[in-house]
Structures are given as C-alpha cells and as structure tokens.
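Letter by letter, the chains look like this.
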Amino acid sequence: MIVTMQEGASEEQVQKVIEHLVGLGFSVHRSTGERHTVLGAVGARTDFDVRDIEVLDGVHLVHRISAPYKLVAKHFRPQGTVVKLPNDLTVGGDKVLVMAGPCSVESREQLFSTAEQISAAGARVLRGGAFKPRSSPYSFQGMGEEGLKLLKEAGEKYHLLVISEVMEISQIPLMLPYVDILQIGARNMQNFNLLRELGHVRKPVMLKRGIAATIEEMLLSAEYVMAGGNYDIVLCERGIRTFETYTRNTMDISAIPVVHKLSHLPICGDPSHGTGRRDKVAPMARAAVAAGADAIIVEVHSNPDKALSDGAQSLYPKQFAELMDTLRIIAPAVGRTIA
Ligand code: PEP
Ligand code: MN
C-alpha cells in the first residue's frame, strides 16, 4: 500500500500514520519528497480497509497494491484452473463448454424435448432450474426435487451433464445426487453462509456475478468457496444492472478478459440473462467466446412462447443450432474449439 501524505502534513501526523500501519503488521518505508511524504507499507496482510488509513489526519491518498483475495488470484495458479467434469469434459482448457436448456424445469415433455434438441446441436450440459429465485412470490417457483429427477433422467438419456441452481444450504445434500455442477445464482452471490458451505462440497460450482456486484466482489465470493477447500469454481458474467433499460441487464463482456487477468478461475458467459432478449443472445454469445469465455450458458426452450420463466430470452431450438454453427467458426479464431 502506498500512502501519500498531504502537503504540509505535520511530523506528528506522519508518525501517527506510521504507527497505525505498523500496528496493522506492515513494515513501513518512508520517503520524503519536496512536497509530500510518501509511505510504502509492505506486508502479507490483505484484510484491511483502505478507508481506515484514508481518514487519518494528514493523509492525502492511499493506493492498495495487493488484491484483497489470495486463493483466487492469478499468481496462486498462474497456469490457470481447468475444472474437470465427468464425460471427459473440462472448463478452462482449450475447449469452450456449451451449456443450454430452459430457465426452469416445467414438465417432462418440455425438458426432454429441449434436451434432445440441444444435445443434437452439440451442447454438453443441460441447464434447468428446479429451485427458482423469482422477483415475485406469485411467479412459478420451480418443481423442486421432481425437477431434479427429470434433469438427471434427461441428462442420462441425451448424454448431457446437468447444472442447476442451489438457493440454500438445506438443498445441497438433496441436489448432489442429481447434478454435476451447482449453480449459485446472481441473487445469492453474496450469501456467504451458502458460499462457505459449498466450500466443503466436492462438486464444481458455477458462481454467477451479482446483479450489482463488482468483479472484485465476485472474486471475493469465489474466495469464500476456495477457502473452504473447493477449488472447482467457474465464474459467470450474466449482466449487471446499469442505467440502460433497453436490455434487461448490461452484459459486461469486458469482465471476461478482466477476470482472466486477475484470476486463474475460468469464466462462463450468460448472454440470456445478460440481455433478456432472444434476438440479442446469439451476438453476445459470440462476443463472449471471442473475448475468451471458457464456457457459455444459454437458455433454450422447446416452446419459449409458453415458458413459465424467461421465455423472452429463451432461444428456439433451431436458433440454438444456428448459434452453435457460428460458435464453431469463432472459437478457432481465438485458439479454442467448441467441446
Ligand atoms: C438462471 O440461471 O435462470 C438465473 C436465475 O440466473 P441469475 O441468477 O443469473 O439471474
Ligand atoms: Mn432464467
């Protein structure tokens, strides 16, 4: 951390800041310039709040140099994390994994028909919510365990792995036999008790970025899971809330290269929630792959006009097949292939 003192800061103020930094466990290197005194604070501590220093008398500016997270930081695993999945699939290697399926599991007919078509088009993982976080308590809340059973059965029938959202700790043991990846939804990105518990699970988790979360906050949430011992994490950019109202969210494609720079964890792009509109999904899926996404998750429904959730952003199966064709062209341009 670099602390620049105000012009004319008194020696007493400088000493007080030094004492404070030493008290936090830093060793302090002082340099006195013509106008400003600059303090370089070096140490292993990451769990400090720069504002505590900023508010001390005589302080002008404070710059944090080390990231507040450790295990998710790039230098912890410079070679990058490759999350291993069944069926010889991975997230984070040369291959881009495509996950697709309805927003919610609604019925056997809906799920099986969708699964058959996404599998034929080349998806490797079937998505579908059995527990749904809905803004309104009167909206469809998901089929629960019945939905999980259908996911597993459809996954086995059409050679697809399964990803589904876990909303609370009590659902974890229930879900484990049915799913290959546990999804943490945007609304639960900072449910720290749930994150801690998922740290003890031996199954990959996909952590979606919160609706109003910074990239650093998403990385800190991943740190909770890693700190518990689960290193198999895929991050997910699913759009953030901005002042733009045309799209449901603003898909932050730049989060993909930013995460790759800051962390070793792979990142997935979700253009469905990222845009909220069917006609914007394919362009943003392509943009995410071009930007280096390690996976894509797309909502597809056999009959989106009748969907119980997120119909407007769900692709028709034919549109999904066309999207896959274009992703197979784009991926090699950035040194990848579609899994
Ligand atoms: C979903 O995947 O259907 C979902 C609810 O996503 P998010 O948590 O990103 O809103
Ligand atoms: Mn959805």
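The shown structure was predicted, so the numbers you read here are calculated from the model rather than taken from an experiment. (Residues numbered from 1 in each chain as written. Chains lettered and ligands numbered in written order. Predicted model: local features only at pLDDT ≥ 70, side-chain atom pairs only at ≥ 80, totals over all residues. Heavy atoms only, no water.)

### Some remarks on the environment of Asp279
Within the secondary structure, Asp279 is located in helix α10 (residues 278–290). Note on Asp279: relative accessible area 53%, which makes it exposed. Here the side chain of Asp279 touches Lys280 through a polar contact of 2.5 Å, side chain to side chain. (Helix = DSSP H or I, 4+ residues; strand = E, 2+ residues; numbered from the N terminus. Buried < 20%, exposed > 50% of the residue type's maximum accessible area, 1.4 Å probe, protein only. Polar contact = N/O pair within 3.5 Å; in protein donor to acceptor, adjacent residues only side chain to side chain.)

### Things to note about the coordination of the manganese ion (ligand 2)
Donor atoms from the polypeptide that bind the manganese ion (ligand 2) are Cys103 (SG), His273 (NE2), Glu299 (OE) and Asp310 (OD), placed at 2.0 to 2.4 Å. All donors to the manganese ion (ligand 2) come from one chain, and their sequence spacing reads C-x169-H-x25-E-x10-D. Of this pair, Cys103 sits in the loop between β7 (95–101) and α3 (108–121) while Asp310 sits in the loop between β14 (295–299) and α11 (317–333), and the two are 207 residues apart along the sequence. (Donors = N, O, S within 2.8 Å, 3.2 Å for Na, K, Ca; no water.)

### What about the nonpolar core?
Counting 70 residues, the largest nonpolar core has Leu198, Ile233, Leu235 and Phe320 as the members making the most contacts within it. The element contributing the most residues to this core is helix α7 (residues 215–227), with six residues. Beyond its immediate stretch of four places on either side in the chain, Ile233 contacts Val83, Val205, Leu207, Ala222, Val225, Met226, Leu265 and Pro266. The next biggest cluster of nonpolar side chains, apart from the first, holds 17 residues, and it includes Val83, Val125, Cys268 and Ala339. (Core = buried A, V, L, I, M, F, W, Y, C linked by side-chain atoms within 4.5 Å. Contact = heavy atoms within 4.5 Å.)

### Some points on the site of ligand 1
The environment of ligand 1 is formed by Cys103, Arg127, Lys132, Glu165, Gln183, Gly185, Ala186, Arg187, Lys208, Arg238, His273 and Glu299. Between Arg127 and ligand 1, the recorded distance is 2.8 Å, taken from a side-chain N or O atom to an oxygen atom. Arg238 is positioned such that a nitrogen or oxygen atom in its side chain is 2.6 Å from an oxygen atom of ligand 1. Among the detected pockets, ligand 1 sits in the largest pocket. For the shell around ligand 1, the residue count by class is two nonpolar, three polar and seven charged. (Near = heavy atom within 4 Å. 1 Å grid on protein atoms, 1.4 Å probe; cavity = no way out; pocket = protein on both sides within 12 Å on 5 of 7 lines; lining within 4 Å. Sits in = over half its atoms within 2 Å of the grid points. Nonpolar A, V, L, I, M, F, W, Y, C, P; charged D, E, K, R; others polar.)

### Structural notes on α7
Working note: α-helix, 3.6 residues per turn, so residues spaced by three or four point in the same direction. Under the 1.5 Å per step criterion, the end-to-end length of α7 is 18 Å for 13 residues, consistent within 8% with the ideal 18 Å. Inspection of α7 places Ile215, Met218, Leu219, Ser221, Ala222, Glu223, Val225 and Met226 among the buried residues, and these make up the whole buried set. Packed against the buried residues of α7 are α6 (192–198), β11 (205–208), β12 (233–237), α8 (255–262) and β13 (267–269). (Expected span 1.5 Å × (residues − 1).)

### Some details on the side chain of Lys132
Mapping Lys132 onto the fold places it in the loop between β8 (125–127) and α4 (145–157). Although Lys132 is buried, it makes no salt bridge; Glu165 carries the closest opposite charge, 5.1 Å away. Setting aside chain neighbours within four positions, we find Lys132 in contact with Cys103, Ser104, Arg127, Phe140, Gln141, Gly142, Met167 and Ser309. (Lys, Arg positive; Asp, Glu negative; His and termini not counted. Salt bridge = Lys/Arg side-chain N within 4 Å of Asp/Glu carboxyl O.)

### Some remarks on the sheet that holds strand β3 (residues 37–42)
As summarised here, the arrangement of the four strands in space is β2-β3-β1-β4, forming an open sheet in which the pairing is antiparallel. Edge strands, defined here as strands with exactly one partner in the open sheet, are β2 (27–32) and β4 (59–63). Here the average twist between neighbouring strands, direction ignored, is 20°. As paired strands, strand β1 (residues 2–5) and β3 are joined by three bridges and run antiparallel to one another. Looking at the pairing, Ile2 lines up with Gly40 of β3. (Pairing = 2+ DSSP bridges. Axes fitted to C-alpha atoms, helices over the stretch in contact; angles between N-to-C directions.)

### Regarding the domain arrangement of the chain
Here the chain is described as being made up of domain 1 (2–63) and domain 2 (74–338). One C-alpha centre belongs to domain 1, the other to domain 2, and the line joining them spans 43 Å. (Domains from an automatic or database assignment.)

### Some words on the packing of α3 against α11
Between α3 and α11, the shortest axis-to-axis distance is 9 Å and the interhelical angle comes to 20°. Compared by their axis directions, α3 and α11 come out roughly parallel. Pair α3 / α11 crosses with right-handed handedness. When α3 is examined against α11, the residues Gln117, Ile118 and Ala121 are found in contact with a partner set consisting of Pro317, Phe320, Ala321, Met324 and Arg328. Each residue belonging to the contact of α3 with α11 can be placed in one class, and the counts come to six nonpolar, one polar and one charged. (Parallel < 35°, antiparallel > 145°, perpendicular 65-115°, else oblique. Left-handed = near helix turned anticlockwise from the far one by under 90°.)

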